[in-house]
Amino acid sequence: MTVETRKVSLTETAETVLQRRYYLKDAQGHPVENWEKLCRRVANAVALPDRELDDYEEVRDHFFSLIYSLDFLPNSPCLMNAGTGIGQLSACFVLPVEDSMEGIFTAVKNGALVHKTGGGTGYSFSRLRPRNATVSSTQGVASGPLSFAAVFDVATETIKQGGKRRGANMGVMRVDHPDIMDFICAKEDQTRFNNFNFSVAITDEFMQALYDEREYALVDPVTKEIVSSLNARTVFDKIVDLAWHNGEPGVLFIDAANRANPTPQLGEFEATNPCGEQWLLPYESCNLGSINLGNFVEGGRVDYDRLARTTRLATRFLDNVIDCNVFPIPEIKEMTMKTRKIGLGIMGMHDMLIQMGLSYASNEGRKLCAEVMKYIRTISEETSIELAKVKGPFPAFDPAINTYTPRRNAALTSIQPTGTVSMIADCASGCEPYFSIVMVKHVMDGDKLLMVNKHFEEIARAEGFYSTELMARVADSGTVVGHEEIPVKWQEIFCTAQDITPSDHIQMQGILQQSGVDSSISKTINMPNTATKEDVRLAYLMGYEMGCKGLTVYRDGSRDGQVLNTKSAS
Ligand code: ADP
């Protein structure tokens, strides 16, 4: 059987990204691949675990066209390393940090080995004894979790991941750890912990204390003794204050995550990967991949049949990645093989909405996205159940505890940032709305280039309201809203991350989480510069109440050297 491949054309930006970081290079540093060769390399490597199966060649060709057509892209380490000597294909790892010198420095070492191959690591510092607790072997006092977190930070800084990716870490501390106030304030000084995202693991008990306006207990994680208490409102206000100030710390709702833990028999979730979309047990890893929803609208409708075929193939692809992966340390291999988690996500969700003529901030828009995510989750689970019949369920599956049908993978879906792969696919990242519709790119000799969103340009030209002058004004104001020449309908549909309200952002995250996401969602709740601390407080409460498993807010302009800017990009 011949497998049909959709035609593809890569943008200039995609080619540049691929040449710099993804195509294999010769000794002189010149790329020796193109997009087709890269896709063949990845498809061949990932199909290999199926070489004994009857449909091996067909599956290999399907994997090729899946990626080549930009309908689905696996996470960066898979695109970079599959079929090469490195062979480490996962983006996410969580490593335990035990309360001992040996334990802490083992984690530093293991983290370094993960970063070397392009993976990101999450650590919980909650098990470490608090600052000034006694150290029995030396009769001294402990320097505390934050002083050790600094060691992880420096180690990350030193390993630049083969020049392809700067290392990335998530640092988590439970809200009932005695050092929590130090942790919350740790990134107030923006020169510190730059290789970390910090998130506070918020418990239901804390939230109850907050609603009841009372104190809650701080517990020494080693002795399990209550050492003191804090007013929940004081702590919450501090988190809100600093998140308002520069976007950190984020919050993770750890009890919500653990309620959805598919293998509680193996342990509890303590931390996520760096961008927060994947909860993992200590030593678990997970490989990710995203379906490009922008490619699934035909004649104003979502092509569900093709989406189903893509979801089945993508699920099988990600499951195969586990078997051809080269794991950095034996503990990670053992744990990952027990649960076989995958993270199937989406990108180009906003492109889908735009093509359907729906606003990101509308009820209809949210309903469609929830329906699509639920559909992907259902088909992916069906596929995982089918795979279990052929290849066996994930080994830790225990019918006495796990009430779901035996399947090949303990977790199936999560929504990733797709920071780089969405640039390759030329679509909006993950489940985010576009950040801007027209940008000014500064090129050589001080020249400026207008970068117009592809959908907007097409519509503006078709409807006759395109002009360079208008595009320049849109770039200058940072929004399509309020320009007379642009029909109101398009002003609504082309609303960006900055035009919609924080509540619109959270409602989308909440509905996606509830409808079809096993793990979690990486999403930024964008706020205007004028947003108040009360806005941030209400956002966190709303996220918790909607069942989100974590939340990151960002107030425009609040961080030094802000990367994304509505008005210019270089
Ligand atoms: P990509 O688009 O490059 O595949 P994403 O932006 O979707 O990656 O990020 C997915 C996950 O990959 C993150 O949550 C994190 O675990 C990991 N990751 C992202 N960037 C880095 C990095 N620079 N170093 C290490 N891991 C990273």
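Residues numbered from 1 in each chain as written. Predicted model: local features only at pLDDT ≥ 70, side-chain atom pairs only at ≥ 80, totals over all residues. Heavy atoms only, no water.

Our next topic: helix α17 (residues 468–477). Along α17, the residues that are buried comprise L470, M471, V474 and A475. Down the axis of α17, the buried side of the element spans an arc of 140 degrees, and every buried residue falls inside it. Turned more than 90 degrees away from the buried face of α17, the exposed residues are T468 and D476. In the core, the buried residues of α17 are packed alongside β17 (438–442), β18 (448–452) and α16 (454–462). Following α17 by one or two positions, G478 adopts a phi angle in the positive range, close to 80 degrees. (Buried < 20%, exposed > 50% of the residue type's maximum accessible area, 1.4 Å probe, protein only. Helix = DSSP H or I, 4+ residues; strand = E, 2+ residues; numbered from the N terminus. Arc of directions from axis to C-beta. Contact = heavy atoms within 4.5 Å.)

Time to look at the nonpolar core. Counting residues in hydrophobic clusters, the biggest one holds 123 residues, and the most contacted among them are W35, F317, M349 and Y540. Looking at this core element by element, the count peaks at eight residues for helix α2 (residues 35–47). Residue contacts for Y540: discarding those within four places in its chain leaves F236, I239, V240, A243, P249, G250, V251, F253, L551 and V553. The next biggest cluster of nonpolar side chains, apart from the first, holds 20 residues, and it includes A460, F465, W490 and I493. (Core = buried A, V, L, I, M, F, W, Y, C linked by side-chain atoms within 4.5 Å.)

A few words on the site of the ligand. Neighbouring residues of the ligand: 23 residues in total, closest S76, R166, N273, T418 and G419. At 3.5 Å from a nitrogen atom of the ligand is found a main-chain nitrogen or oxygen belonging to A168. Here T418 contributes a backbone N or O atom positioned 2.6 Å from an oxygen atom of the ligand. Protein coverage of the free-state accessible area of the ligand, which is 550 Å², stands at 91%. (Near = heavy atom within 4 Å. Polar contact = N/O pair within 3.5 Å; in protein donor to acceptor, adjacent residues only side chain to side chain. Areas by Shrake-Rupley, 256 points an atom, 1.4 Å probe, with all protein chains shown as cover.)

Right, let's get into the pairing of strand β3 (residues 120–124). In regular strands, side chains alternate between the two faces of the sheet. Of all five residues in β3, five are buried; the element is thus mostly enclosed. Taking every second residue as pointing to the same face, both faces of β3 are buried, with G120, G122 and S124 on one and T121 and Y123 on the other. Here strand β2 (residues 92–95) pairs with β3 via four bridges, running parallel. Bridging across to β3, C92 finds its partner in G120. In this region the chain leaves β2, passes through helix α5 (residues 101–116) and returns to the parallel neighbour β3; the handedness of that crossover is right-handed. In this structure, β3 lies alongside strand β6 (residues 169–174), joined through four bridges in parallel fashion. Pairing of Y123 across the sheet is with G171, part of β6. (Pairing = 2+ DSSP bridges. Right-handed = clockwise from strand over helix to strand, strands pointing away.)

Position of Q513 relative to the elements: it lies in helix α19 (residues 502–516). Looking at Q513, its side chain comes within polar contact range of the main-chain oxygen of S519, at 3.1 Å. When neighbours within four sequence positions are excluded, Q513 is seen to be in contact with S519, S520, I521, G547, C548 and K549.

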